[in-house]
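Listed below are the residues making up each chain.
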Amino acid sequence: MQKVYLDNAATTPIRQEVIDEMVKVMQQDFGNPSSTHSIGRSAKAVIETARKTIAKYLNCKSQEIIFTATATEATNWILRSAVKDLGVKRIISSRVEHHATLYTVLALQEEFGIQVEFVNVSSAGTLDYHQLAGLLTDEIKTIVSLMHVNNETGVINDISRIGAMCQQNMAFFHCDTVQSVGKTDLDLQQLPIDFIVASAHKFHGPKGIGFAFVRKNLVLQPMLFGGEQEKGWRAGTEAVHQIAGMAKALELSYENLNEEINYIADLKSYCWQQLQAAFQEVKENGTTTFYNILNVLLPFSEEKTTMILFHLDMKGIAVSRGSACQSGSAKPSHVLAEMLSDEDLKKPSLRISFSHYNTKDDIDYLVETLKSI
Ligand code: PLP
C-alpha cells in the first residue's frame, strides 16, 4: 500500500546522514564523557563540538546551550526554576500553547499560587499584542511564555515584538521554538529572548534529545541532582550519539534551509490550491501561517467527520486531527477551541504538515482520497 506521511509537525523522518553520524559515534565514541582518559575525552569532545555547532547556527554562545531529553523537559525546568529561583510571581502565556507549556503553567499556579494571565487569541489565531503590552506595565516580576510557531495551526507569533516588550518591562521571555528551530533563521544575538527550547525529532533528528538556550548570566537551579553534567543543571551521563545526531540534523537543516523552504512552501500552496479546487468551501484555520503547516476546515457532514482520519489511515495517509468529533472519545483541540465557532468545531479540521521528503504526488493522493470519502 502507498504510504504518505504528511504529519511532519508531529515528528519528522531522520535524515540518513544523521543516522550515519549516530552509528559512527556509537561505534567510535562509546566512552563516558566524564571519564578523564582519552576514550572519555573523545566522547566529551563530541558533545562540545555538537554544542558549538548548535550555538553557531543560532548565533549564541555554546555555554548557553543545555542538552535535555525533550523540549517538554526543558520547558518544565525553565518555568519551574523561574518561579522558584528567579523570583517570578506571574506567568503570562496563551491558551493555544503546547500542553508542555500550558500544563506546566497550570501546575505552577496550583503549587506556588502564582498569578497567571492568558493573552487573548483572535479567530485567526493572532495574539492580542495590545493586551500583552497593557499586562506588562503591571509592576510584578513576570515571565512571558509564548511560542514562536503554533504546532497545530502554524500561526506565527511576532517574537521580536514580544521580546522587545518584555525587555522594556523587565520581564523574562521564554519561547517555545520547537516548530521553528531548524526551519527558519533564529539569531539569538538579535532576538531579545531569555530562554528557548527545541527538540531534535522535529528537524529530522533523533527522538529523546533536545536543548534549552539559557541566556548568559541567568542562573537556574538544577532540574536533576547528581553529577556535574550540563553545568550541574542536568545531571546524568549524556546521550552522546543523540547529541551528535541532533547537531548533525541542525547543521543539515540550516545548510539546506533556503532550498527546502522554497520547496516546502510551494508544496503547501499546491496543496491549498488542490483542496480549494476539490472542496469549494474549504477554509484555512489561522492566518500568517508557517510554510510547512496547513490546518484546514473541511465542509463535510457530521456523519463523515467521524470517518475521516480512519479512512485516510486505511489508505496509508498520515495527517493529524485538527478538531473535535473525529473520534468519539477525543477531546476537541484546545487550540482550535480558542479560535473557531462551536459550529465549525463540529466539522473536521485536518493538520497537514510537510517536509522536503514530500512530493506533489503525495498531495494528489491525499486530495483524491478525501474526495472519495
Ligand atoms: N512544543 C511544541 C510546539 C511542540 O510541537 C512539541 C511537540 O509536539 C513540544 C513542545 C514537545 O516537544 P518534545 O516532544 O520534545 O517534548
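So, how was this worked out
- Residue positions within a chain follow its written sequence, with the count starting from 1.
- Local features are withheld for residues below a pLDDT of 70 in this predicted model, meaning they are given only at 70 or higher, and side-chain atom pairs are given and counted only at 80 or more; totals for whole chains, interfaces and linings count all residues.
- Neither water nor hydrogens contribute to the side-chain values; these are computed over all heavy atoms in the structure.
- Salt bridge criterion: a side-chain nitrogen from Lys or Arg within 4 Å of a carboxyl oxygen from Asp or Glu.
- Secondary structure elements are taken from DSSP: a helix is a run of H or I of four residues or more, a strand is a run of E of two residues or more, and numbering for both begins at the N terminus.
- Throughout, exposure labels follow a simple rule: accessible area from a 1.4 Å probe, protein chains only, divided by the maximum for the residue type, with under 20% read as buried, over 50% as exposed, and the rest as partly exposed.
- One requirement defines pairing of two strands: DSSP has to find at least two bridges between them.
- Here an axis means a line fitted to C-alpha atoms, over the contact stretch when the element is a helix, while the angle between two N-to-C directions is reported on a 0 to 180 degree scale.
- Throughout this document, a residue counts as near a molecule or strand when at least one of its heavy atoms sits within 4 Å of that molecule or strand.
- Pairs of N or O atoms are called polar contacts if they sit within 3.5 Å, as long as, within protein, a hydrogen donor faces a hydrogen acceptor (for residues adjacent in sequence, only side-chain-to-side-chain pairs).
- Each accessible area is a Shrake-Rupley estimate made with a 1.4 Å probe; only the visible protein chains count as cover when residues are assessed.

K.L.:
Can you lay out the pattern of salt bridges for me, pointing to particular residues and giving the numbers?
P.N.:
The tally for this structure, following the rule as stated, stands at 13 salt bridges. Residue Glu-230 is joined to Arg-51 by a salt bridge in which the shortest nitrogen-to-oxygen separation is 2.8 Å. Of this pair, Glu-230 sits in the loop between strand S8 (210–214) and helix H7 (240–255) while Arg-51 sits in helix H2 (residues 38–58), and the two are 179 residues apart along the sequence. Relative accessible area serves as the criterion here: at 7%, Glu-230 is assigned to the buried category. Taking the relative accessible area as the measure of exposure, Arg-51 reaches 8% and is therefore buried. Via salt bridges that share partners, Lys-44, Glu-48, Arg-51 and Glu-230 belong to a single interconnected network.

K.L.:
So what's going on with the sheet that holds strand S5 (residues 142–145)? Which residues, and what values?
P.N.:
Spatial strand order, S2-S8-S7-S6-S5-S3-S4: seven strands in an open sheet with mixed pairing. In the strand order of this sheet, the two ends are held by strand S2 (65–68) and strand S4 (115–119), each with one partner. Across the sheet, the mean angle separating the axes of adjacent strands is 20° when strand polarity is ignored.

K.L.:
Help me get a handle on the site of the ligand, residues and values and all.
P.N.:
Taken together, Thr-70, Ala-71, Thr-72, His-98, Met-147, Asn-151, Asp-176, Val-178, Gln-179, Ser-199, His-201 and Lys-202 are the residues near the ligand. At a separation of 2.9 Å, an oxygen atom of the ligand approaches a polar backbone atom of Ala-71. One nitrogen or oxygen atom from the side chain of His-98 is found 3.3 Å from an oxygen atom belonging to the ligand. Summarising the interface, the protein chains cover 87% of the accessible area of the ligand, which totals 390 Å² for the free molecule.

By themselves, these figures tell us nothing about what the structure is for.
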